[in-house]
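What follows is the residue order along each chain.
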Amino acid sequence: EGGPGPATRAWGVSLPKGLGVFLILRDGRETRGRDSAVSEEAWETARQDFARAEGLRLSPEGAAALAALPQLLATGVISAAESVLVFNTGAAMKY
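Residues numbered from 1 in each chain as written. Predicted model: local features only at pLDDT ≥ 70, side-chain atom pairs only at ≥ 80, totals over all residues. Heavy atoms only, no water.

(A) A look at the overall build of the protein. A count of helices and strands for the protein gives three helices and zero strands. When its helices and strands are written in sequence order, the protein yields α-α-α. Carbon together with sulfur atoms contributes 59% to the accessible area of the protein, which is approximately 7100 Å² in total. (Helix = DSSP H or I, 4+ residues; strand = E, 2+ residues; numbered from the N terminus. Areas by Shrake-Rupley, 256 points an atom, 1.4 Å probe, with all protein chains shown as cover.)

(B) Layout of the packing of helix 2 (residues 40-54) against helix 3 (residues 60-74). The N-to-C vectors of helix 2 and helix 3 enclose an angle of 95 degrees; their axes lie 8 Å apart at closest approach. Between helix 2 and helix 3, the interaxial angle falls into the category roughly perpendicular. For the pair formed by helix 2 and helix 3, the contact residues are Ala 42, Trp 43, Ala 46, Arg 47 and Phe 50 on the first element and Pro 60, Ala 63, Ala 64, Leu 66 and Ala 67 on the second. When the residues that make up the contact of helix 2 with helix 3 are grouped by side-chain class, the tally is nine nonpolar, no polar and one charged. (Axes fitted to C-alpha atoms, helices over the stretch in contact; angles between N-to-C directions. Parallel < 35°, antiparallel > 145°, perpendicular 65-115°, else oblique. Contact = heavy atoms within 4.5 Å. Nonpolar A, V, L, I, M, F, W, Y, C, P; charged D, E, K, R; others polar.)

(C) How the structure looks around the side chain of Ser 59. Within the secondary structure, Ser 59 sits in the loop between helix 2 and helix 3. Of the residues examined, Ser 59 reaches a relative accessible area of 0% and is grouped as buried. (Buried < 20%, exposed > 50% of the residue type's maximum accessible area, 1.4 Å probe, protein only.)

(D) Here's a closer look at the pattern of salt bridges. Following the criterion strictly, the structure yields four salt bridges and no others. When the shortest N-O distance is used, the salt bridge between Glu 30 and Arg 26 registers 3.9 Å. Here Glu 30 and its partner Arg 26 are both found in helix 1 (residues 21-30), four residues apart, which amounts to about one turn of the helix. Take Glu 30: its relative accessible area is 59%, and that puts it in the exposed class. Relative accessible area serves as the criterion here: at 38%, Arg 26 is assigned to the partly exposed category. Salt-bridge contacts for Arg 47 lead to Glu 44; the nearest nitrogen and oxygen are separated by 3.8 Å. Highlighted residues: Arg 47 and Glu 44, both in helix 2, separated by three residues, approximately one helical turn. Grouping residues by exposure puts Arg 47 and Glu 44 together as buried. (Salt bridge = Lys/Arg side-chain N within 4 Å of Asp/Glu carboxyl O.)

(E) Quick peek at helix 2. Look at helix 2: 21 Å from first C-alpha to last across 15 residues, which is about the 21 Å you get at 1.5 Å a residue. When we look at burial in helix 2, the residues that qualify are Trp 43, Glu 44, Ala 46 and Arg 47. Along the axis of helix 2, the buried residues cluster in a sector spanning 160 degrees; they form a single face. Along helix 2, exposed side chains directed more than 90 degrees from the buried face belong to Glu 41, Arg 52 and Ala 53. Against helix 3 lie the buried residues of helix 2. Positive phi shows up at Gly 55, right after helix 2, with a value of about 75 degrees. (Expected span 1.5 Å × (residues − 1). Arc of directions from axis to C-beta.)

Structure below.
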């Protein structure tokens, strides 16, 4: 039984026993995926920057994925020559 997740306004990324989380973890292991932590400020900045640049509002969860890209580039996990697909699976209207 999971306890409460970390305090965050992006509650979709902090569910202790989220629906389908076992599938996400399995797929991550099978594809040698990585996780990354970002601050509330980082995803909020990414969310605002994306809205200004693209005219679309991301959910906090999607913005958190986008906000992780600079640190993944800086640490060599991904390279600037690679194509990266970031899914925004939440609805910004909920926030």
